[in-house]
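# Examination of the molecular architecture
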Amino acid sequence: MKTRFILLLALLSTACLPSYADKPRLAIIIDDIGYHLDNGYRSAKLPVPVTLAVIPHSPNATELADAGHKAGKEIMLHLPMASHNEAAPLEQGGLTTGMAEEEFKSAVRLGLAAVPHIRGVNNHMGSAVTEQARAMQWLMDELSQTPFFFIDSRTSPLSQAQQMAEQNNIPSASRDVFLDNSRDHQDILAQLEKAIKHAKRTGYAIAIGHPYPETLEVLERLTPPLRIAGIEFVHISTLLSGTSAQNFSNQVAGPP
């Protein structure tokens, strides 16, 4: 990890920034907050303004949302949605493709009410549900009555979520990089490098990670040097307020 760390610093110091030399922005979302208490608190203590995505109705959702908010982190709802992987368990309050409209919308409202301090929503799993334009319109019907943004986690390349958000004038964007599909330190560092390069090329990037010990160790060690080297870490809401929403429909999808 030490060698990769040195290479990452070299990348930061030597890479050309032709269009965004001042401050490329990187917004990191930590998904799946609400179960592991210690790692949730550790996420809240990260030394940069990450956004914590909290699963509604999870055992420690309220406590960790409160802790993150007090620590200056942004809180968003990590709304469970059914995936194509039938073996993947769906949390309480999850959205499915078989729901009627009012049942679906009621589950969205209950989820929004279950987590304090939220500023926005992203999908937890959802490779099946996000492909359904009608279901995504129902979701946006509810979000349009709130000030919340929406981030498409892009668990399916056929996702309709951001397109429907844009059609309903909801501030939105899509995930660019998953940091920890592999929990190996070297692989996480490689994904972080990928996010940095994307931010330097386009001006910003959205990366999603999880409260795994390996991911947190990487972020705890690397974020101060990244900050010094000119990468500006921002909350998702800050990124959306300063960047026109774009539809990254060609992004490679991650796991369901």
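### Re the overall build of the chain
Helix and strand counts for the chain stand at nine helices and nine strands. Each of the 256 residues in the chain was classed as buried or not, and the buried ones make up 53%. Just so you have it, the chain exposes about 10,900 Å², and 51% of that area is on carbon and sulfur atoms.

### Digging into the packing of aromatic side chains
Across all of its chains, the model carries one aromatic pair by this definition. Both rings, one in Phe 104 and one in Trp 138, keep their centres 5.5 Å apart while their planes meet at 65°; by these two values the pair is edge-to-face. Of this pair, Phe 104 sits in helix α4 (residues 101–114) while Trp 138 is found in helix α5 (residues 133–143), placing the two residues 34 residues apart along the sequence.

### Describing the environment of Phe 178
With respect to the element layout, Phe 178 can be found in strand β7 (residues 177–178). Considered as a pair, Phe 178 and Thr 155 are 23 residues apart in the sequence and their alpha carbons are 10.0 Å apart.

### Structural notes on the pattern of salt bridges
Considering all chains together, one arrives at eight salt bridges under this definition. When the shortest N-O distance is used, the salt bridge between Glu 232 and Arg 25 registers 3.4 Å. Here Glu 232 is found in strand β9 (residues 232–233), whereas its partner Arg 25 is found in strand β1 (residues 25–33), with 207 residues between them in sequence. The exposure class assigned to Glu 232 is partly exposed, which follows from its relative accessible area of 24%. In this structure, Glu 74 engages Arg 119 in a salt bridge whose closest nitrogen and oxygen atoms are separated by 3.6 Å.

### Some words on the packing of α4 against α5
Closest axis-to-axis distance for the α4/α5 pair is 10 Å, and the angle between their directions is 45°. By the angle class used here, α4 and α5 are oblique. The way α4 lies across α5 gives a crossing that is right-handed. On α5, the residues that touch Glu 101, Phe 104, Lys 105, Val 108, Arg 109 and Leu 112 of α4 are Ala 135, Trp 138, Leu 139, Asp 141, Glu 142 and Leu 143. Of the residues that constitute the contact of α4 with α5, the class distribution is seven nonpolar, no polar and five charged.

### Overview of unusual backbone geometry
Despite not being glycine, Asp 32 shows a phi value in the positive range, around 65°. Position of Asp 32 relative to the elements: it lies in strand β1. Here Asp 32 falls in the partly exposed class, since its relative accessible area comes to 22%. In this structure, His 117 takes a positive phi of about 70° despite not being glycine.

Rules used throughout
Residues numbered from 1 in each chain as written. Predicted model: local features only at pLDDT ≥ 70, side-chain atom pairs only at ≥ 80, totals over all residues. Heavy atoms only, no water. Helix = DSSP H or I, 4+ residues; strand = E, 2+ residues; numbered from the N terminus. Buried < 20%, exposed > 50% of the residue type's maximum accessible area, 1.4 Å probe, protein only. Areas by Shrake-Rupley, 256 points an atom, 1.4 Å probe, with all protein chains shown as cover. Phe/Tyr/Trp six-rings, centres within 6.5 Å; stacked < 30°, edge-to-face > 60°. Salt bridge = Lys/Arg side-chain N within 4 Å of Asp/Glu carboxyl O. Axes fitted to C-alpha atoms, helices over the stretch in contact; angles between N-to-C directions. Parallel < 35°, antiparallel > 145°, perpendicular 65-115°, else oblique. Left-handed = near helix turned anticlockwise from the far one by under 90°. Contact = heavy atoms within 4.5 Å. Nonpolar A, V, L, I, M, F, W, Y, C, P; charged D, E, K, R; others polar.

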